[in-house]
Amino acid sequence: MRRRRSIIRRGEDSDPMSVVSNLFDVAMVFAVALMVALVSRYNMTEMFSKEDFTMVKNPGKENMEIITKEGEKINRYTPSEEQNSSGNKGKRVGVAYELENGDIIYVPE
């Protein structure tokens, strides 16, 4: 009986760091699953395709952003009252609507 107990005890104490490595593996799997869930939830699968696209975030509001993907490069443009880079200022001059048949109608303000 003593011999069996000593064998069992030696097996348990062989590698105390194995628990830490198992926790790291679980954390990595959780992180990847969370990233996949967020990408699919917010419909951002276009970011991983090879096609170019343009996306408008919060259209017509003050915190509006225009995100474009051209090849491997992703650009973010945030319109503001003062454009520091170009020095030009602009204003909204109208609204464009796309109809169900694909026609675009521009309505000046």
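Residues numbered from 1 in each chain as written. Predicted model: local features only at pLDDT ≥ 70, side-chain atom pairs only at ≥ 80, totals over all residues. Heavy atoms only, no water.

Caption draft 1: Summary view of the overall build of the chain. Along the backbone of the chain there are two helices and five strands. Ordering the α and β elements of the chain from the N terminus gives α-α-β-β-β-β-β. Taken across its 109 residues, the chain has 8% of its residues classed as buried. Taking the intrachain contacts of the chain between residues at least 6 apart in sequence as the baseline, contacts between residues at least 24 apart amount to 1%. (Helix = DSSP H or I, 4+ residues; strand = E, 2+ residues; numbered from the N terminus. Buried < 20%, exposed > 50% of the residue type's maximum accessible area, 1.4 Å probe, protein only. Contact = heavy atoms within 4.5 Å.)

Caption draft 2: Geometry of the sheet that holds strand E2 (residues 65-70). A sheet is described by the order of its strands in space; here three strands give the open sequence E1-E2-E3, paired in antiparallel fashion. The strands lining the two open edges of the sheet, one partner per strand, are strand E1 (53-57) and strand E3 (73-77). Along the sheet, successive strands turn relative to each other by an average axial angle of 15 degrees, direction set aside. Pairing of E2 with E3, which is carried by five bridges, proceeds in the antiparallel orientation. The partner of Ile 67 across the bridge, within E3, is Arg 76. (Pairing = 2+ DSSP bridges. Axes fitted to C-alpha atoms, helices over the stretch in contact; angles between N-to-C directions.)

Caption draft 3: Examining the pairing of strand E4 (residues 94-98) more closely. By the bridge criterion, five bridges tie E4 to strand E5 (residues 104-108) in an arrangement that is antiparallel. Residue Val 95 lies in a different strand from E5, and its bridge partner there is Val 107.

Caption draft 4: Structural context of helix H2 (residues 18-41). For H2, built from 24 residues, the straight-helix expectation of 34 Å at 1.5 Å per residue is met to within 8% by its first-to-last C-alpha distance of 35 Å. With its phi angle positive at about 50 degrees, Asn 43 sits one or two positions after the end of H2. (Expected span 1.5 Å × (residues − 1).)

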